Amino acid sequence: EDKLKGKLGGIWAEQENTVVNIIEKINPAVVSIIATKDVPIIEQYYINPFGDNNFKGLIPPGLFDDFQVPQYRQKGVQEKQISSGTGFFVSSNGLILTNKHVVSDETAKYTIIMNNGKRVEGKVIARDKFQDIAILEVQGSNYPFIPLGDSDEIKVGQTAIAIGNALGEFQNTVSVGVISGLRRTIIASGGAGESEKLQSLIQTDAAINPGNSGGPLMNS
């Protein structure tokens, strides 16, 4: 029994070290993607719809002096964050892979936040709504990047490690699980009421939250 416990403890320790080593290697290549755009500033004000009209003396003077109706008007614009997601470098010359729905707004500005906190502007150079993938480009070179694996080699039960900007607030959050299924098909719905059919997906029980979209899923 002691030998079995020792052997299992060694296996668990080895698996833990494997995950830690992977995270240390991969984390620098994972980025957060922040979408911002100019949105109208709406100002509220009030008017008295009756003004000085006493309806030819039928209304006592001053009866509706305190009657106010709210009105709205635009007072300039301000830059505001509208969404956030995750991406990762797939080449050393600044190409970042993410989900298309992370960068779907063609009028928005996209800021890339590196793992070290550095911010750079990202330019969307390709969107594929059928595969829900997109590619951004940032200026520079010698970026750490993640090589893409062969999804045909994945087996159910393998370790699955996800990294992403969880809830759009917790950058480079790590979650671990297993590959739960392969070649899944779902109908995905977006905030604008749009839906699309996504096929040949990898299912995992590693925790995935809003903001994780576009982040890498890795095996050991």
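That block above? That's the structure.
Quantities reported herein were computed from a predicted structural model and do not represent experimental measurements.

1. Regarding the sheet that holds strand S3 (residues 95-98)
The six strands are arranged S1-S2-S3-S6-S5-S4 in a closed barrel whose pairing can be described as antiparallel. Strand-to-strand twist across the sheet, computed as the mean angle between neighbouring axes with direction ignored, equals 40°. Two elements, strand S5 (residues 119-128) and strand S6 (residues 133-137), share five bridges in a ladder whose sense is antiparallel. Pairing of Lys123 across the sheet is with Glu137, part of S6.

2. Remarks on the nonpolar core
The tendency in soluble globular proteins is for nonpolar side chains to be buried side by side. One finds Ile33, Val103, Tyr110, Ile112 and Leu136 to be the most contacted residues of the largest nonpolar core, which totals 17 residues. Going through the elements one at a time, strand S1 (30-47), strand S4 (109-113), S5 and S6 are the ones with two or more residues in this core. Top element by residues in this core is S1. It accounts for three residues. The contacts of Val103, once residues within four sequence positions are left out, are Ile33, Thr98, Tyr110, Val124, Arg127, Ala134 and Leu136. With twelve residues, the next largest nonpolar core counts Val19, Val30, Phe88 and Ile163 among its residues.

3. Observations concerning the environment of Ala29
Take Ala29: it is sitting in the loop between helix H1 (2-26) and S1. Judged by its relative accessible area of 1%, Ala29 is buried. The sequence separation of Ala29 and Tyr143 amounts to 114 residues, and the corresponding C-alpha distance is 7.3 Å. Aside from chain neighbours lying at most four places away, what touches Ala29 is Gly87, Phe88, Phe89, Pro144, Phe145 and Ile146.

4. Things to note about unusual backbone geometry
Glycine aside, residues mostly have negative phi angles, and peptide bonds mostly take the trans form. Backbone geometry places Leu167, a non-glycine residue, at a positive phi of 60°. By secondary structure assignment, the location of Leu167 is in the loop between strand S7 (159-166) and strand S8 (170-189). The backbone phi angle of Ser200 is positive, close to 55°, even though this residue is not glycine. Inspection of the secondary structure assignment puts Ser200 in strand S9 (residues 195-204). Owing to a relative accessible area of 59%, Ser200 belongs among the exposed residues under this scheme.

5. Quick look at the pairing of S6
Each regular strand carries side chains that alternate between the two faces of the sheet. Only one face of S6 is buried, namely the one carrying Ala134 and Leu136, since none of Ile133, Ile135 and Glu137 on the opposite face is buried. Between S5 and S6, which pair antiparallel one after the other, the connecting turn spans four residues, and Asp132 there sits at a positive phi close to 55°.

6. A short note on the pattern of salt bridges
A complete count under the given rule lists three salt bridges for this structure. With a closest N to O distance of 3.0 Å, Asp105 and Lys37 form a salt bridge. Taken together, the positions of Asp105 in the loop between S3 and S4 and Lys37 in strand S1 put the pair 68 residues apart, joining distant regions of the chain. Classification of Asp105 as partly exposed rests on a relative accessible area of 24%. The class of Lys37 is partly exposed, set by a relative accessible area of 23%. Across the pair Glu43 and Arg73 runs a salt bridge whose closest N-O atoms are separated by 2.7 Å. With Glu43 in strand S1 and Arg73 in strand S2 (residues 69-89), this pair connects stretches of sequence that are 30 residues apart.

7. What about the side chain of Ser175?
Note on placement: Ser175 falls in strand S8. Judged by relative accessible area, which is 12%, Ser175 ranks as buried. Of the polar contacts made by the side chain of Ser175, one reaches the backbone oxygen of Ala207; its length is 2.7 Å. Dropping the residues within four chain positions of it, Ser175 is found in contact with Ala160, Ile161, Ala162, Ala206 and Ala207.

8. Describing the side chain of Ser91
Tracing the chain through its elements places Ser91 in the loop between S2 and S3. Classification of Ser91 by relative accessible area gives buried; the value is 15%. For Ser91, the side chain forms a polar contact with the side chain of Asn93, separated by 2.3 Å. A polar contact is formed between the side chain of Ser91 and the backbone nitrogen of Leu95, at a distance of 3.3 Å. Those residues in contact with Ser91, other than ones at most four positions away along the chain, are Tyr143 and Phe145.

What counts, and where the lines are drawn
- Counting restarts for each chain: residues are numbered from 1 in the order of the written sequence.
- The predicted nature of this model means local features are confined to residues of pLDDT at least 70 and side-chain atom pairs, given and counted, to a pLDDT of 80 or more, with totals for whole chains, interfaces and linings taken over all residues.
- Only hydrogens and water are removed before side-chain values are computed, so all heavy atoms of the structure are retained for them.
- A pair of strands counts as paired when DSSP detects no fewer than two bridges linking them.
- Comment: elements are numbered from the N terminus, with helices defined as DSSP H or I runs of at least four residues and strands as E runs of at least two.
- Lines are fitted to the C-alpha atoms to define the axes, a helix being fitted only along its stretch in contact, and any angle between axes, read from their N-to-C directions, falls within 0 to 180 degrees.
- Definition used in this section: a nonpolar core is a set of buried Ala, Val, Leu, Ile, Met, Phe, Trp, Tyr and Cys residues joined via side-chain atoms within 4.5 Å.
- Buried residues are those whose accessible area, probed at 1.4 Å on protein chains only, stays under 20% of the maximum for their type, while exposed residues exceed 50% and partly exposed ones sit between those limits.
- Contacts were defined at the residue level, with two residues in contact if any of their heavy atoms lie within 4.5 Å.
- By definition here, a salt bridge exists when the distance from a side-chain nitrogen of Lys or Arg to a carboxyl oxygen of Asp or Glu is within 4 Å.
- Whenever two N or O atoms come within 3.5 Å, that pair is a polar contact, provided that in protein one can donate a hydrogen and the other can accept it, and provided that, for residues adjacent in sequence, both atoms are side-chain atoms.

None of the figures reported here should be taken as evidence of function without further support.
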